[in-house]
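# Working through the structure, step by step
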Amino acid sequence: MSQWDLSGHLDALKQVHLYRSRETIEGPQGSQVQLNGKSFDNFSSNDYLGLANHPDVIKAFTTAAEKYGVGAGSAHLICGHSYEHHALEEELAGFTGRQRALVFSTGYMANLGVISTLVQKGDAVFQDKLNHASLIDGGLISGANFRRYPHNGLDRLQQLVEKSNYDKKLIVTDGVFSMDGDEAKIIELASLAAQSKSMLMVDDAHGLGVLGDNGGGLLEKHGLGEKQVPVLMATLGKSLGTAGAFIAGSDALIETLIQRARTYIYTTAMPPAVMAATRVSLKLCQQECWRREKLVSLVAQFRRGAGQLGLNLLPSETPIQAVILGTNEAVIKANVQLREKGMLVGAIRHPTVPKGSERLRITFSATHTESQVTAMLQALESVVT
Ligand SMILES: *Cc1c(COP(=O)(O)O)cnc(C)c1O
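## Some points on the packing of aromatic side chains
Evaluation of the coordinates by the stated rule reveals three aromatic pairs. Taken together, a centroid distance of 5.6 Å and an interplanar angle of 75° make the contact between Phe43 and Phe364 edge-to-face. With a gap of 321 residues between them, Phe43 in strand β2 (residues 38–43) and Phe364 in the loop between β12 (359–363) and α15 (370–384) connect regions that are remote in the sequence. Each member of the pair, Phe43 as well as Phe364, is classed as buried. Between the aromatic rings of Phe302 and Phe364, the centroid separation amounts to 5.1 Å while the plane-to-plane angle is 55°, which identifies the pairing as tilted.

Spelled out as structure tokens, the structure:
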């Protein structure tokens with residue numbers, strides 16, 4: 001096959017069951033979605049709190065669009081930084097208990113921007129093997145010495161950090177791991193970082209909104225502040241139901257990012273209406289604790305049922321539940337059969353996850369009903385047991 005035989009390479013992907021295709025959703029996000037004119041129970045979204053289609057969030061969005069128009073017009077440092085961006089940043093700082101917050105257009109860009117600003121060639125970065133691709137890519141483009149440690153492997157991390165003779169060391173972890181649903185050993189990580197004078201960064205894309213009494217995420221759950229975890233990143237497109245991401249931390253950190261993070265500086269600001277909508281979903285996230293309580297009970301119902309069916313579940317208390325099937329082929333087959341039963345789940349294959357751990361990724365939202373979970377379990381019983 002020649003290097004530029006793109007169709008040949010695409011065929012090769014199909015042969016190893018790695019070809020991906022997109023779905024065209026025909027209506028709003030929710031616990032049910034429309035696809036090809038058919039309705040599906042949706043167990044594949046990251047809209048954990050069910051805010052993506054909340055009437056108050058939509059109203060804030062349309063009201064702001066009428067006031068500000070749609071496009072932000074330019075980057076933040078030119079004339080794109082609106083009152084809505086600024087107000088959301090102040091509210092996010094308050095919510096996370098940090099001095100300041102800075103909004104980025106996507107989580108991918110936030111991670112690239114912050115890591116490559118904090119470390120460069122001559123520094124070192126340490127990352128959990130299961131970290132999100134955007135963290136890995138941030139580490140790579142930073143040019144820093146890049147070491148990965150086994151998932152939650154604190155002993156190995158300690159060895160790596162101790163024998164590293166770089167002056168500036170950054171430890172980076174997901175808060176809740178996006179494909180497994182388990183949580184970082186954050187207390188241990190924070191003390192290791194403190195002992196070794198490393199900087200600690202947590203990407204809590206899947207913890208924010210879901211964990212902690214007020215939805216403050218993994219760090220709220222464990223009472224960890226800016227001192228223990230100086231760099232907190234989270235996204236707006238998951239629990240908060242809108243789009244974008246933010247970094248929260250000290251005044252000096254945020255000011256450094258404004259001056260130096262290329263993915264912040266050289267890109268058009270998000271539409272102000274997205275920020276206005278997020279301000280409302282942030283309020284709902286804090287006020288409506290029933291959404292988190294509902295998630296806890298749906299997840300418990302699912303794990304009980306899955307246990308009775310003898311499914312191979314990974315340990316996770318979060319709305320991300322992984323059913324291990326073990327091959328790409330098994331995952332694709334189960335996915336197709338679940339579809340026929342009107343169920344939409346994530347089909348996660350190698351190389352996104354290690355060989356042998358190919359899985360269905362089933363996610364829950366506060367807008368699911370108990371009977372939807374029961375139907376999901378029945379579908380799994382007939383498809384994978
Ligand atoms: C989704 C996700 C991101 C990327 O965020 P986007 O806003 O979708 O670009 C980064 N980190 C983690 C852990 C994520 O799950």
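## Thoughts on helix α4 (residues 83–96)
A rise of 1.5 Å per residue sets the reference length of α4, with its 14 residues, at 20 Å; its end C-alpha atoms lie 20 Å apart and thus fit the reference within 8%. A distance of 3.2 Å separates the backbone nitrogen of Glu84 from a side-chain oxygen at the start of α4, and that oxygen is part of Ser82. After α4 finishes, the residue Gly97 shows a positive phi value of roughly 65°.

## Quick look at empty space enclosed by the protein
A full pass over the atoms with the stated rule returns two cavities of 30 Å³ or more. In this structure, the largest cavity encloses a volume near 70 Å³. Across the lining of the largest cavity, the residue classes tally to one nonpolar, ten polar and one charged. Approximately 30 Å³ is the volume found for the second largest cavity. Tallied by class, residues from the lining of the second largest cavity come to four nonpolar, five polar and no charged.

## Thoughts on the nonpolar core
Of all hydrophobic cores here, the largest spans 73 residues; its most connected members are Phe302 and Ile362. Split by domain, this core shows at least three residues from each of two domains, domain 1 (20–49 + 289–383) and domain 2 (55–287). Ignoring any residue separated from it by four or fewer positions in sequence, one finds Ile362 in contact with Phe43, Phe302, Pro319, Ile320, Gln321, Val323, Val345, Met376 and Leu380. Core analysis: the second largest hydrophobic core is formed by 26 residues, Ala144, Leu170, Val172 and Met233 among them.

## Things to note about unusual backbone geometry
For the peptide bond that leads from His350 to Pro351, omega is 10°, which places it in the cis range. Take Pro351: it is sitting in the loop between β11 (343–348) and β12. Non-glycine residue Asn36 carries a positive phi angle of around 50°. Its identity as a non-glycine residue notwithstanding, Asn152 has a phi of 50°, on the positive side. Tracing the chain through its elements places Asn152 in the loop between β5 (145–149) and α7 (154–163). A residue is classified by how much of its surface remains accessible, and Asn152, at 11% relative accessible area, is buried.

## Quick word on the packing of helix α5 (residues 107–118) against helix α6 (residues 133–142)
Across the interface, α5 lies against α6 with an axial gap of 8 Å and an inter-helix angle of 35°. For the element pair α5 and α6, the recorded crossing hand is right-handed. Seen from α5, the contacting residues are Gly107, Tyr108, Asn111, Leu112, Ile115 and Ser116; seen from α6, they are Ser134, Leu135, Asp137, Gly138, Gly139, Ile141 and Ser142. Classifying every residue of the contact of α5 with α6 gives five nonpolar, seven polar and one charged.

## Describing a nonpolar patch on the surface
A cluster of nonpolar side chains, contributed by Leu10, Leu13 and Tyr19, occupies part of the molecular surface with about 240 Å² of accessible area. If you trace the backbone, Leu10 turns up in helix α1 (residues 6–15).

Cut-offs used in this document
Here the residue index of a chain counts from 1 through its sequence in written order. It should be noted that, the model being predicted, local features are given only for residues of pLDDT at least 70 and side-chain atom pairs only at 80 or more, the latter also being counted only at that level, while totals for whole chains, interfaces and linings use all residues. With hydrogens and water excluded, all non-hydrogen atoms of the structure serve as input to the side-chain values. Geometry of aromatic contacts follows a simple scheme: Phe, Tyr and Trp rings, the Trp one being its six-membered ring, pair when their centres are within 6.5 Å, and the pair is stacked under 30 degrees between planes, edge-to-face over 60, tilted otherwise. The secondary structure listing takes helices from DSSP runs of H or I that are at least 4 residues long and strands from runs of E that are at least 2 residues long, numbered from the N terminus. Residue burial is assigned from relative accessible area. The probe radius is 1.4 Å, only protein chains are included, and a residue is buried under 20% of its type maximum, exposed over 50%, and partly exposed in between. Expected span, for any helix, means 1.5 Å times one less than how many residues it has. Pairs of N or O atoms are called polar contacts if they sit within 3.5 Å, as long as, within protein, a hydrogen donor faces a hydrogen acceptor (for residues adjacent in sequence, only side-chain-to-side-chain pairs). Both cavities and pockets are sets of points on a 1 Å grid over the protein atoms alone; in a cavity a 1.4 Å probe fits but cannot get out, in a pocket the set is open with protein on both sides within 12 Å along at least five of seven lines, and lining residues sit with an atom within 4 Å of a point. Grid points are joined across faces, edges and corners, and a volume is the space filled by probe spheres set on the points. Each residue is assigned to one class: nonpolar for Ala, Val, Leu, Ile, Met, Phe, Trp, Tyr, Cys and Pro, charged for Asp, Glu, Lys and Arg, and polar for all the others, Gly among them. Definition of nonpolar core: a set of buried residues of the types Ala, Val, Leu, Ile, Met, Phe, Trp, Tyr and Cys, connected through side-chain atoms within 4.5 Å. Source of the domain bounds: an automatic or database domain assignment. For this analysis, residues touch if any pair of their heavy atoms sits within 4.5 Å. Axis angles are defined between N-to-C directions and span 0 to 180 degrees, where every axis is a line fitted to C-alpha atoms and, for a helix, only to the segment in contact. Crossings are classed by handedness, with left-handed meaning an anticlockwise turn of the near helix from the far one by less than a right angle and right-handed meaning a clockwise turn. Residues form patches when they are more than 30% accessible in relative terms and have no salt bridge. Like charges link within 9 Å. Nonpolar side chains (Val, Leu, Ile, Met, Phe, Trp, Tyr) link within 5 Å. All accessible-area figures derive from a Shrake-Rupley calculation using a 1.4 Å probe, and residue coverage is judged against the displayed protein chains alone. The rule for a salt bridge is simple: a side-chain nitrogen of Lys or Arg has to be within 4 Å of a carboxyl oxygen of Asp or Glu.

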